[in-house]
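Here are the chains, one letter per residue:
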Amino acid sequence: MSLINIDEMTQRFGGLQAVSKFDMELQGGELVGLIGPNGAGKTTIFNLVSGFYQPSEGSITFAGKDTRGLKPHQVTAMGVARTFQNIRLWHDMSVLDNIRIAQHYRLGYSVFDSFLRTKRYRKGEERIDSIAWEMLEAMDLKEFAHELPSNLPYGLQRRVEIARAMSTKPKLLLLDEPAAGLNSADVEGLITLVRWIHDNFDITIWMIEHQMKVVMSLCQYIKCIDFGATIAEGTPEQIQNDPTVIKAYLGDDNI
Amino acid sequence: MQKYAINIAFFVGCLLIVLAAQFGMVDLYVQSVIMFMGINIILSSSLNIVNGYMGEFSCGHAAFMCVGAYVSSVVTVVLFAQNKIFGAPILPPDMAVLFMPLAILIGGLVSAVVGILVAVPSFKTRGDYLAIITIAVNYMVISGIENLEIIGGSRGFMGMKQVVYAMSDVVNIPWMMIWTILGTVFTIWIIRRFVSSTYGKGISAICQDEIAAEIMSVNTNKMKLVAFMLSSGLAGIAGGLFAHVIGYVNPQSFNILKSTECLVMVYLGGMGSLSGSVLSAVLFTLLLEALRPLQIVKWVIIPLILVLLMQFRPEGILGNKELGDVFPRLKRYCRFK
Ligand SMILES: Nc1ncnc2c1ncn2[C@@H]1O[C@H](COP(=O)(O)OP(=O)(O)OP(=O)(O)O)[C@@H](O)[C@H]1O
Ligand SMILES: [Mg+2]
């Protein structure tokens, strides 16, 4: 059984066809890329996979289950986590709280347990607390646990967002342009981090990225879309030399 | 011992108030101001759940107070008092002593259920539109009760004084003072526990970025339901206490003006600050009493205070901080969980 199977997925916004007949199958364990010029429909694909939009046509099957009709929080609970193109951390809460709250679907206690501070409440809080600290430790963020994200440099905020996504214990991690806005030192750090996550967790990573350096050095397989349609796919070498890709990107400084 | 200094001081303070009321050392006026203070604390801190912690804008809080006031009053009057419409009491009036807190809780539960009226639209609507819905619910509740002749319609409903007297006949202590203090402590205790749990912090996540909350596995609809029901349920408890302290309720005591008072207290204290809400409710009650001689002019002065507040300190007295964050040393003398 494949981890995720996207079949002829189409998304229309009024007259605009943002994604058309998109296919994708991942077996699990891969590290793949999605590229394409601005407005190609990449973020829309992630929004569909994470349940934020319902596809106009086609289907998404995750771990053998059709995810159409599910709410985003249910899709996340099934094992899909993501980061956002523009960082969307909860800026008035500590980094630690950001990581804790992302475990909301498996707190294991109810609102009444929170009033009465039952044993179930204490156990649940202890468990998510230890997972949160483990995650902070693993991501090298321990010293910033009590900082507000808005006080951290941009590169660290990206890392916190990835840590927050990881704390939902995903099987599939979607990264939407994780290198956007990073300086070159931070980009190196990000490449190392993504590779480390891929090697150390039982996880599939699917990333959107404009910076070719990042995609080419990380991804095993790349799909390129333009105007919602897939125009090329293959290994980094194949993509790099594909004339249609070069044409789609013509004038784009990134390539 | 030092760790509990403030808790002990608070407990002793409450005990002194009750004793002073018992032995007639403070007159009835001062007693009623103290009870209104408690009721206002419940109102402002419960509204803070929705307007402060969750970042929605509810401006019909008095509707829930109204439901709680009427439900608990009808329950106690039918059970324990002689009434023109409902006739003789069903149970012996002395039992009111035991039943009182339960009646007030029933009022709270029913108004929590009425809170669903606002919670469900909030799944799809936000901000201004939801604010309009809350105003509509406020009007619906008041008009509904005004048209219910069996509970007095627009003339109001009374008989709760008899119930309170019946309680004093059994044991002569200031019952309503005690229940108001306990209700206030209960409210703060519950809200504090809720908003400091990871579960409850889900509503702050909704406030700061609802999309991120939903995508990060927070069931935002359920959290909204919980927040609205908790907020309206506690307002219902405030209403039940209010009705039995005054001894008489009228639908127009719970109109939009009362909701506005609740809003003023939340914004005065600071959104998302529980101690701010408590502080502002205390100040606001005192202010209302101080301005009482001015009569209707007070409704020029209070909005003016709000205008000045929004101009010069829009975040309220404490902002979104707690007293313990502003004065860290306080934490050494207080345990509050
Ligand atoms: N909610 C929406 N309503 C209407 N149109 C939308 C919506 N979301 C996206 N679009 C449109 O769909 C197209 C694809 O947008 P999308 O954000 O997926 O592009 P992208 O590939 O992520 O681009 P970028 O590289 O700039 O992030 C764009 O033309 C965009 O304007
Ligand atoms: Mg995008």
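Refer to the structure printed above.
Residues numbered from 1 in each chain as written. Chains lettered and ligands numbered in written order. Predicted model: local features only at pLDDT ≥ 70, side-chain atom pairs only at ≥ 80, totals over all residues. Heavy atoms only, no water.

1. Points about the overall build of chain A
Reasoning step 1: When you go through chain A residue by residue, the secondary structure sums to ten helices and ten strands.
Reasoning step 2: The globule rule puts the C-alpha radius of gyration for 255 residues at 18 Å, and the 19 Å found for chain A is close to it.
Reasoning step 3: For chain A, the C-alpha atoms occupy an extent of roughly 65 × 40 × 35 Å along the three principal directions.
Reasoning step 4: Put simply, chain A has 255 residues, and 56% of those count as buried.
Reasoning step 5: Considering only residue pairs separated by 6 or more positions, chain A has 67% of its internal contacts joining residues 24 or more positions apart.
Reasoning step 6: As displayed, chain A has an accessible area near 11000 Å², and 50% of this comes from carbon and sulfur atoms.
Reasoning step 7: Taken together, the 26 basic and 32 acidic charged side chains of chain A have centroids lying 9 Å from each other. (Helix = DSSP H or I, 4+ residues; strand = E, 2+ residues; numbered from the N terminus. Rg over C-alpha atoms; globule rule 2.2 N^0.38 Å. Buried < 20%, exposed > 50% of the residue type's maximum accessible area, 1.4 Å probe, protein only. Contact = heavy atoms within 4.5 Å. Areas by Shrake-Rupley, 256 points an atom, 1.4 Å probe, with all protein chains shown as cover. Lys, Arg positive; Asp, Glu negative; His and termini not counted. Charge placed at Lys NZ, Arg CZ, Asp CG, Glu CD.)

2. Concerning the sheet that holds strand β5 (residues 65–66) of chain A
Paired through backbone hydrogen bonds, the strands of a sheet run either parallel or antiparallel to each other.
Residue and element names in this part refer to chain A.
Reasoning step 1: A sheet is described by the order of its strands in space; here four strands give the open sequence β2-β1-β4-β5, paired in antiparallel fashion. Because the sheet does not close on itself, it has two edges, and the strands there are β2 (16–26) and β5.
Reasoning step 2: Pairing of strand β4 (residues 57–62) with β5, which is carried by two bridges, proceeds in the antiparallel orientation. Counterpart to Phe 62 in the pairing with β5 is Lys 65.
Reasoning step 3: Across the sheet, helix α1 (residues 42–49) is in contact with β1 (4–13), β2 and β4; its angle to β1 comes to roughly 120 degrees. (Pairing = 2+ DSSP bridges. Axes fitted to C-alpha atoms, helices over the stretch in contact; angles between N-to-C directions.)

3. So, the site of ligand 1
Residue and element names in this part refer to chain A.
Reasoning step 1: Taken together, 14 residues form the shell around ligand 1, and within it Gly 39, Lys 42, Thr 43, Thr 44 and Gln 85 come nearest.
Reasoning step 2: Within the backbone of Gly 39, one N or O atom sits 2.9 Å away from an oxygen atom of ligand 1.
Reasoning step 3: Here an oxygen atom of ligand 1 and a side-chain polar atom of Glu 177 are 3.4 Å apart.
Reasoning step 4: Protein contact buries 64% of the 640 Å² of open area that ligand 1 shows by itself.
Reasoning step 5: Elements with a contribution of two residues or more to the shell around ligand 1: β2 and α1.
Reasoning step 6: Per element, the largest residue contribution to the shell around ligand 1 is three residues, and it comes from α1.
Reasoning step 7: Taken together, the residues that form the shell around ligand 1 break down as five nonpolar, seven polar and two charged. (Near = heavy atom within 4 Å. Polar contact = N/O pair within 3.5 Å; in protein donor to acceptor, adjacent residues only side chain to side chain. Nonpolar A, V, L, I, M, F, W, Y, C, P; charged D, E, K, R; others polar.)

4. Quick notes on the interface of chain A and chain B
Reasoning step 1: Listed by partner, the interface residues are 33 residues for chain A and 28 residues for chain B.
Reasoning step 2: On the surface where chain A and chain B come into contact, there are two salt bridges.
Reasoning step 3: As a salt-bridge pair, Lys 201 of chain B and Asp 97 of chain A come within 3.1 Å of each other at their nearest N and O atoms.
Reasoning step 4: Counting across the chain A and chain B interface gives 19 residue pairs in polar contact (both at pLDDT 80 or more). (Salt bridge = Lys/Arg side-chain N within 4 Å of Asp/Glu carboxyl O.)

5. Thoughts on the packing of aromatic side chains
Residues and elements named next belong to chain A.
Reasoning step 1: On inspection of all chains with the given rule, the structure shows 14 aromatic pairs over all chains.
Reasoning step 2: Note on Phe 46 and Trp 206: the rings are 5.3 Å apart at their centroids and 70 degrees apart in plane angle, and the pair reads as edge-to-face. Remark: Trp 206 occurs in strand β8 (residues 204–208) and Phe 46 occurs in helix α1; sequence separation between them is 160 residues.
Reasoning step 3: Note on Trp 206: relative accessible area 0%, which makes it buried. (Phe/Tyr/Trp six-rings, centres within 6.5 Å; stacked < 30°, edge-to-face > 60°.)

6. Describing the pattern of salt bridges
Reasoning step 1: On inspection of all chains with the given rule, the structure shows 20 salt bridges over all chains.
Reasoning step 2: Between Glu 188 of chain A and Lys 213 of chain A there is a salt bridge, and its shortest N-O distance comes to 2.6 Å. With Glu 188 of chain A in helix α7 (residues 184–200) and Lys 213 of chain A in helix α8 (residues 212–218), the pair connects residues that are 25 residues apart, well separated along the chain.
Reasoning step 3: Accessibility expressed as a relative area gives 44% for Lys 213 of chain A, which makes it partly exposed.
Reasoning step 4: Bridged by salt links that share partners, the residues Asp 97, Arg 100 and Asp 129 of chain A together with Lys 201 of chain B form one connected network.

7. As for the coordination of the magnesium ion (ligand 2)
For a metal with four donors in a tetrahedral arrangement, the ideal angle between donors is 109.5 degrees, while six donors in an octahedron ideally sit at 90 or 180 degrees.
Reasoning step 1: The protein atoms that coordinate the magnesium ion (ligand 2) are Thr 43 of chain A (OG1) and Gln 85 of chain A (OE1), at distances spanning 1.9 to 2.2 Å. Taken together, the residues Thr 43 of chain A in helix α1 and Gln 85 of chain A in the loop between β6 (80–82) and α3 (95–101) connect sequence positions 42 residues apart. (Donors = N, O, S within 2.8 Å, 3.2 Å for Na, K, Ca; no water.)

8. Observations regarding helix α3 (residues 61–80) of chain B
Reasoning step 1: For α3 of chain B, with 20 residues, the first-to-last C-alpha span of 29 Å sits near the 28 Å given by 1.5 Å per residue.
Reasoning step 2: With 17 of 20 residues buried, α3 of chain B is to be regarded as a mostly interior element. (Expected span 1.5 Å × (residues − 1).)

9. Some details on unusual backbone geometry
Residue and element names in this part refer to chain A.
Reasoning step 1: Although it is not a glycine, Asp 140 sits at a positive phi angle of roughly 65 degrees.
Reasoning step 2: As for its position among the elements, Asp 140 is in the loop between α5 (119–138) and α6 (154–166).
Reasoning step 3: A positive phi angle, near 50 degrees, is found at Glu 177, a position not held by glycine.
Reasoning step 4: For Glu 177, the location among the structural elements is in the loop between β7 (172–176) and α7.
Reasoning step 5: Given a relative accessible area of 7%, Glu 177 falls into the buried group.

10. Notes on the nonpolar core
Reasoning step 1: Ile 35 and Met 139 of chain A together with Phe 194 and Phe 254 of chain B are the most contacted members of the largest nonpolar core, which has 147 residues in total.
Reasoning step 2: Broken down by element, the residue count for this core peaks at 13 residues, all from helix α11 (residues 220–246) of chain B.
Reasoning step 3: When neighbours within four sequence positions are excluded, Met 139 of chain A is seen to be in contact with Arg 159, Ile 162, Ala 163, Met 166, Leu 193 and Ile 197 of chain A.
Reasoning step 4: Met 9, Leu 34, Met 78 and Val 80 of chain A belong to the second-largest nonpolar core, a separate cluster that totals 25 residues. (Core = buried A, V, L, I, M, F, W, Y, C linked by side-chain atoms within 4.5 Å.)

11. A few points about the pairing of strand β10 (residues 229–234) of chain A
Residue and element names in this part refer to chain A.
Reasoning step 1: Direction of pairing for strand β9 (residues 221–226) relative to β10: antiparallel, over a ladder of five bridges. Across the sheet, residue Asp 226 finds its bridge partner in β10, namely Ala 229.
Reasoning step 2: The loop that links β9 with its antiparallel partner β10 comprises two residues; one of these, Phe 227, has a positive phi angle of about 45 degrees.

Function-wise, these values are silent; they only describe arrangement.
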